[in-house]
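Structural overview
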Amino acid sequence: MSPALRPRRTTAPTTIPGALPLIGHGIALARRRLQFLQAARKYGPLVRVRIGPTTAYLINDHKLLHQVLVTDAARFPRGIHFRKIQAVAGNGIITTCGAPHRRQRKLVLPAFNHTRVKMYGDVMHEIASRRIATWPQDTPIDLKSEFIQLATTVGTRCLFSSELGESAVRVVERALPVLTRQVHLRAMDPTGLLEMLPAPGRHRFNKAMTELNSTIQQIITDYRKNGKEKADLLTMLMAATDEDTGHGMDDQQLRDEVVSILLASAETTALTLSWACYELGRAPETQRRLQKEADSMLADRASIPENLDQLDLTRRITKETLRLYPPTYFLSRTAAQDTELGGYRLPEGSIVLYSFYSQHRDPSLFRHPARFDPDRWLPGREDDVTSAAYMPFGEGIHRCVGEGFAYAETMTTLALIAGLWDLQPVSDQPVRPIADLTLVPDGLRMTVCRRKR
Ligand code: HEM
């Protein structure tokens, strides 16, 4: 018997109390997901959760999670969440597993290397500074919508720098929210019925897909015809060739990667910016320090994207925001075969769940976990346990390829905001995170007041 199959314990992991007949923990997961995930920690490193007729396994231990995502990743491929979004993202890097994923990842990674991300920095800077300058003074702003539009424009222009890319921004702005909504609905629908029934919004979804696909195809055709290299992501994707076959991506694969990148990038970055502004509004002293850091760079007229390394506090604020509010806070894998985890036997097909939100708020891993404290990441204060348990970008073979891109965009935007505006909360009431597919600030509105210098 292979070690993968050899059970060390005969008992099953504890089932979290409170499961109801038929629906199990469905209501708690739907209505109080974040509280449920955090409360689950006390029942052990691996616990059972009942979702309707299905038993899933929830990991509450960062070492076990490391095993699933890194050491034994081949035995735990992506879960149903991901398969369900294939209708939107096709066979792009965010939905595939195994050999096809490995091949695509190799082709996509060079587009996100350090030098390339620096190059996209100018686009980020230009778009963010233009947009932020038009914010209305003293009028509550819906920051999440604002940042979604900003990140959508940045993502689209970094993908397509050509003139056609300019008009593509409008199409992507219209289509992406519709596709993102579908991704949320499909991934959160445990029954799979949504894919079969004529759901409301189906027409809008088909229209958005058709419009987006034809725009992407038009741009790909234009790039192939012109053959001129541009400093953008699409050029990088088109230049990538498989080292075994020597072939590049065909149009369909390019389309799937473009949509994958748009889906993976815009919302996650926009949410990070929203939560960072929210916390800065509640921490005037930290905001003042951030402004000082931004001022010193802006006074020297230094390029922000070129000098991100000097923005220590801006980086720590971004890092701390991603600890408290990891946008992709709840993910899954599936056991590819009968296997063993944490000493328990998991049957083939078992759904394995994990939550960065819960892990990042575990008091045994992070001191005062609910406190927004960017300085916890100062050199010397971070220890081995916190570094190992901090994983907002995932781990292992599916670790986010856009981490550098996301940091560059978030830090550039935060520095530009800090240079121009004071952020003020509209209300003293804490903003609740809505646990949808991502972690959304419920009704976050803030005012901005032009800084006097
Ligand atoms: C703060 C922002 C972001 C966060 C928190 C984030 C988080 C993540 C996480 C947790 C994963 C792993 C999913 C898994 O394990 O299955 C992932 C994968 C991915 N992310 Fe990000 N992401 C962010 C921004 C971006 C950006 C800006 C891009 C591109 C421009 C991007 C592109 C991708 C891609 C392509 C993958 C799939 C990688 C693979 O499966 O090999 N992400 N991201």
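Residues numbered from 1 in each chain as written. Predicted model: local features only at pLDDT ≥ 70, side-chain atom pairs only at ≥ 80, totals over all residues. Heavy atoms only, no water.

**Digging into the domain arrangement of the protein**
- Structurally, the protein comprises domain 1 (1–84 + 342–373) and domain 2 (91–328 + 392–444).
- Measuring from the centre of the C-alpha atoms in domain 1 to the corresponding centre in domain 2 gives 28 Å.
- The partner domain 2 presents 33 residues to the 22 residues of domain 1 that form the contact.
- Interface area, domain 1 with domain 2, both sides summed: about 2300 Å², of which 62% is carbon and sulfur.
- Ranking the residues of domain 1 by area buried against domain 2 places Arg78, Lys84 and Phe372 at the top, with a combined share of 36%.
- Put simply, domain 1 and domain 2 have zero salt bridges between them.
- The interface formed by domain 1 and domain 2 includes eleven residue pairs in polar contact (both at pLDDT 80 or more).
- Broken down by secondary-structure element, the contributors of at least two residues to the side of domain 1 that touches domain 2 are α2 (33–39), α3 (62–71), α4 (80–83) and α15 (356–360).
- Along the lines of polarity and charge, the residues of the side of domain 1 that touches domain 2 split into twelve nonpolar, four polar and six charged. (Domains from an automatic or database assignment. Contact = heavy atoms within 4.5 Å. Buried area = accessible area lost by both parts, 1.4 Å probe. Salt bridge = Lys/Arg side-chain N within 4 Å of Asp/Glu carboxyl O. Polar contact = N/O pair within 3.5 Å; in protein donor to acceptor, adjacent residues only side chain to side chain. Helix = DSSP H or I, 4+ residues; strand = E, 2+ residues; numbered from the N terminus. Nonpolar A, V, L, I, M, F, W, Y, C, P; charged D, E, K, R; others polar.)

**Topic: the site of the ligand**
- Taken together, 30 residues form the shell around the ligand, and within it Arg78, His101, Arg105, Arg333 and Cys400 come nearest.
- At 2.6 Å, a side-chain N or O of Arg78 approaches an oxygen atom of the ligand.
- Between an oxygen atom of the ligand and a side-chain N or O atom of Arg333, the distance comes to 2.8 Å.
- Every element with two or more residues in the shell around the ligand is listed here: α6 (98–108), α12 (251–282) and α17 (403–420).
- Counting residues per element, the shell around the ligand draws most heavily on α12, which supplies six residues. (Near = heavy atom within 4 Å.)

**Some points on the state of the cysteines**
- The tally for this structure, following the rule as stated, stands at zero disulfides.
- Sulfur of Cys158: no disulfide; nearest cysteine sulfur belongs to Cys400 and is 14 Å away.
- Cys158 sits in the buried class, given a relative accessible area of 1%. (Disulfide = S-S within 2.5 Å. Buried < 20%, exposed > 50% of the residue type's maximum accessible area, 1.4 Å probe, protein only.)

**Re the coordination of the iron atom of the ligand**
- Of all protein atoms, just one serves as a donor to the iron atom of the ligand, and that atom is Cys400 (SG), at 2.3 Å.
- Inspection of the secondary structure puts Cys400 in the loop between α16 (384–389) and α17. (Donors = N, O, S within 2.8 Å, 3.2 Å for Na, K, Ca; no water.)

**Here we look at a nonpolar patch on the surface**
- There is a patch of nonpolar side chains on the surface, built from Leu20, Leu22, Ile23 and Ile27 and spanning about 370 Å² of accessible area.
- On the secondary structure map, Ile27 appears in helix α1 (residues 26–31). (Patch = residues over 30% accessible without salt bridge, like charges linked within 9 Å, V, L, I, M, F, W, Y side chains within 5 Å. Areas by Shrake-Rupley, 256 points an atom, 1.4 Å probe, with all protein chains shown as cover.)

**Thoughts on the environment of Thr180**
- Its location among the elements puts Thr180 in helix α9 (residues 163–188).
- Taking relative accessible area as the criterion, Thr180 reaches 14% and is therefore assigned buried.
- Along the backbone, Thr180 and Gly24 are 156 residues apart, and their C-alpha atoms lie at a distance of 28 Å.

**Details of the packing of aromatic side chains**
- One pass over the structure, following the stated rule, counts ten aromatic pairs.
- Pairing Trp377 with Tyr390 gives two aromatic rings, centres 4.8 Å apart and planes at 55°, and the pair type is tilted. Taken together, the residues Trp377 in the loop between α15 and α16 and Tyr390 in the loop between α16 and α17 connect sequence positions 13 residues apart. Take Trp377 and Tyr390: they sit in the same class, and that class is buried.
- Between Lys230 and the ring centre of Tyr223, over which it is positioned, the NZ or CZ distance is 4.2 Å.
- A cation over an aromatic ring shows up here: Arg323 above the ring of Phe366, its NZ or CZ 5.5 Å from the ring centre. (Phe/Tyr/Trp six-rings, centres within 6.5 Å; stacked < 30°, edge-to-face > 60°. Lys NZ or Arg CZ within 6 Å of the ring centre and 35° of its normal.)

**Regarding the pattern of salt bridges**
- Within the structure shown, the criterion is met by 22 salt bridges.
- Across the salt bridge formed by Lys106 and Glu243, the nearest N and O atoms sit 3.1 Å from each other. Pair noted here: Lys106 is in helix α6 and Glu243 is in the loop between α11 (233–239) and α12, with a separation of 137 residues, a long-range link. Judged on exposure class, the residue Lys106 and its partner Glu243 are both exposed.
- The residue Arg288 makes a salt bridge to Glu285 at a minimum N-O spacing of 2.9 Å. Separated by three residues within a single helix, Arg288 and Glu285 lie in helix α13 (residues 284–299), roughly one turn from each other.
- Take Arg288: its relative accessible area is 43%, and that puts it in the partly exposed class.
- Three or more residues are tied together by salt bridges with common partners; here these are Arg289, Arg316 and Asp375.

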